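Remarks on the overall topology
One-letter residues, chain by chain:
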Amino acid sequence: MALMIRDLCSLHYPNNLLRTEPQGNEVQILKFDCNGKNKLRAIRASGSGSNNSKSIDTINGKKINGVHVEEYPHLGQRGGNVVIESGSSSPPSSSEHPYLLGNFVDDWFVYRQSFVIRSYEIGPDKTATMETIMNLLQETALNHVASSGVGSNGFGATRQMSLRKLIWVVTRIHIQVEQYSSWGDVVEIDTWVDAAGKNGMRRDWIIRDSNTHNIITKATSTWVIMNRETRRLSKIPEQVKAEVQPFYINRFAIPTAQIDSEKIEKLNDETAQIISSGLAPRWSDMDANQHVNNVKYIGWILESVPINVLEDCNLMSLTLEYRRECQLSNVLQSMTTLREIATSASDENSGTECTHLIRMEADRAEVVRARSIWQPKTMN
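What you are looking at is a predicted structure, and each value in this text was computed from that prediction instead of being measured. The numbering scheme is per chain: residues are counted from 1 as the chain's sequence reads. Thresholds applied to this predicted model are a pLDDT of at least 70 for local features of residues and 80 or more for the giving and counting of side-chain atom pairs; totals over whole chains, interfaces and linings are not thresholded and use all residues. Hydrogens and waters are ignored; side-chain quantities use all the structure's heavy atoms.

A word on the pattern of salt bridges
One side-chain nitrogen of Lys or Arg within 4 Å of one carboxyl oxygen of Asp or Glu is enough to make a salt bridge. Following the criterion strictly, the structure yields 19 salt bridges and no others. Residues Arg-112 and Glu-188 are paired through a salt bridge, measuring 3.7 Å at the closest nitrogen-oxygen approach. One end of the pair, Arg-112, is in strand β8 (residues 110-116); the other, Glu-188, is in strand β10 (residues 186-195), and 76 residues separate them in sequence. For every residue, the accessible area (1.4 Å probe, protein chains only) is compared with the maximum for its type, and the residue is labelled buried under 20%, exposed over 50%, or partly exposed between those bounds. Using a relative accessible area of 19% as the deciding quantity, one classes Arg-112 as buried. Salt-bridge contacts for Arg-112 lead to Asp-190; the nearest nitrogen and oxygen are separated by 2.7 Å. Here Arg-112 is found in strand β8, whereas its partner Asp-190 is found in strand β10, with 78 residues between them in sequence. Helix and strand assignments come from DSSP, with helices taken as H or I runs of at least 4 residues and strands as E runs of at least 2, each series counted from the N terminus.

In structure tokens form, the structure reads like this:
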């Protein structure tokens with residue numbers, strides 16, 4: 001059926017329908033309808049445009065991600081005397097990405113963003129799932145790149161990476177959870193990067209409860225570069241290093257001595273206690289880099305965890321080691337073995353450690369190795 005002219009409006013990207021104009025201490029966002037008529041919406045910013053991290057931005061007095069900005073001063077801020085190009089110290093424009101609600105802190109090395117936990121992000125126990133935590137970490141990381149001034153149209157890639165058809169891929173992530181948030185809680189996530197050897201990048205996160213300001217989750221990860229066409233790993237070009245090195249900070253969310261460096265055992269048909277087969281990726285499991293999103297593996301891992309562990313315990317620590325990509329046509333197996341461990345000095349058998357493997361069903365090729373630590377839920 002022929003496409004009518006009036007239907008073309010639905011094909012426009014958001015940035016074709018939106019532009020910003022400064023008006024004194026206000027930023028005016030002009031939206032256009034399909035007839036070309038302006039629809040005016042104002043974003044009011046308190047103060048005089050200072051980069052003070054304690055300033056408050058309000059958007060028509062409405063909620064941002066379900067939370068009133070006035071109640072949470074760290075929401076809606078933008079900041080950043082960030083190095084964008086060599087010899088430049090200009091901050092990213094406050095109206096460049098009005099939907100990115102984070103700001104730079106600690107001399108612009110750390111990116112901070114806040115989120116409210118939605119009803120569809122909690123599990124049967126009414127707290128945020130590990131998948132939710134991983135998604136929020138990933139979202140903060142991507143917004144960090146986009147807000148830094150070095151991002152391109154790629155999925156977290158820098159400009160020089162996009163020119164060379166390069167993408168970031170995660171090889172390892174380790175998460176430690178002290179407390180899970182509940183529906184309606186607001187969390188504040190900090191993220192930063194550093195070098196990891198000669199050809200890797202380390203990204204760390206901490207999550208705080210917005211009310212108590214206590215750290216409730218810590219995470220660290222290692223990333224390498226891959227050619228998006230050949231799917232082969234690549235050295236980091238000097239041009240890319242020049243883009244990302246100004247953001248490196250020698251800081252660790254988890255002290256090096258506490259990082260789980262013990263080798264994760266490779267399971268097989270004899271050592272695995274539980275094997276779940278026939279796990280097929282769906283179209284919705286794919287990400288913008290044309291492979292299964294790294295968060296999706298958590299659900300497959302949990303497919304082979306006994307139901308009594310899922311119901312009676314909290315997942316307190318998770319380590320994922322990614323071995324190869326998974327495509328839409330692959331069919332997977334999830335394998336798990338369990339053993340009792342001591343998670344506190346007062347109890348020799350107070351927790352459960354699970355070793356996991358996600359592998360191809362056809363040729364048994366490894367996709368992800370993982371280790372999880374579970375603690376019994378405390379009674380309220």
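Regarding the side chain of Ser-221
Relative to the helices and strands, Ser-221 is located in strand β12 (residues 215-227). The class of Ser-221 is buried, set by a relative accessible area of 2%. Pairing of N or O atoms within 3.5 Å defines a polar contact, subject to two protein rules: one partner must be a possible hydrogen donor and the other a possible acceptor, and residues neighboring in sequence count only if both atoms are side-chain atoms. Of the polar contacts made by the side chain of Ser-221, one reaches the side chain of Trp-223; its length is 2.8 Å. Apart from residues no more than four positions distant in its own chain, Ser-221 is found in contact with Val-170, Arg-172, Ile-173, Met-201, Arg-202, Arg-203, Asp-204 and Trp-205. Any two residues whose heavy atoms approach within 4.5 Å are treated as being in contact.

A few points about helix α1 (residues 130-148)
Expected helix span is computed as 1.5 Å times (number of residues minus one). Helix length check: α1, at 19 residues, gives a terminal C-alpha distance of 27 Å against a target of 27 Å (1.5 Å per residue), a fit within 8%. Gly-149 lies just past α1 and shows a positive phi near 95 degrees.

Points about the packing of aromatic side chains
Between 30 and 60 degrees the pair is tilted, below 30 it is stacked and above 60 it is edge-to-face, where a pair is any two Phe, Tyr or Trp rings, Trp via its six-membered ring, whose centres lie within 6.5 Å. Summed over all chains, the structure comprises three aromatic pairs. On the basis of an interplanar angle of 75 degrees and a centroid distance of 5.5 Å, the ring pair of Tyr-297 and Trp-300 is categorised as edge-to-face. Highlighted residues: Tyr-297 and Trp-300, both in helix α4 (residues 296-302), separated by three residues, approximately one helical turn. Accessibility classification places Tyr-297 together with Trp-300 in one group, the buried group. Among the aromatic residues, those joined into a ring-pair cluster are Tyr-297, Trp-300 and Tyr-322. Distance and angle both matter: a charge sits over a ring if NZ of Lys or CZ of Arg is within 6 Å of the ring centre and within 35 degrees of the ring normal. Over the aromatic face of Trp-192 sits the side chain of Arg-251, whose NZ or CZ is 5.7 Å from the ring centroid.

Looking at unusual backbone geometry
One non-glycine residue, Lys-126, adopts positive backbone phi at about 70 degrees. Look at Lys-126 and you get exposed, because its relative accessible area is 61%. Of note in this structure, Arg-231 is not a glycine but carries a positive phi near 60 degrees. Take Arg-231: it is sitting in the loop between β12 and β13 (233-234). The class for Arg-231 is partly exposed, based on a relative accessible area of 23%.

A short note on the nonpolar core
Each nonpolar core is a collection of buried residues, namely Ala, Val, Leu, Ile, Met, Phe, Trp, Tyr and Cys, held together in the definition by side-chain atoms within 4.5 Å. Within the largest apolar cluster, 59 residues are counted, with the highest numbers of intra-cluster contacts made by Tyr-297 and Leu-320. Beyond its immediate chain neighbours, meaning those up to four positions away, Leu-320 contacts Met-134, Thr-171, Arg-172, Ile-173, Ile-298, Ile-301, Val-368, Arg-369 and Ala-370.

Structural notes on the confidence of the model for the protein chain
Caution applies to low-pLDDT parts of the model: their predicted coordinates are not meant to be read in detail. Values of pLDDT, the confidence the predictor places in each residue, fall between 0 and 100. Scored by pLDDT, the protein chain has a mean of 78; 71% of the residues are at 70 or more. The low-confidence segment residues 1-95, where pLDDT is below 50, has 154 contacts with residues more than four positions distant or belonging to other chains.

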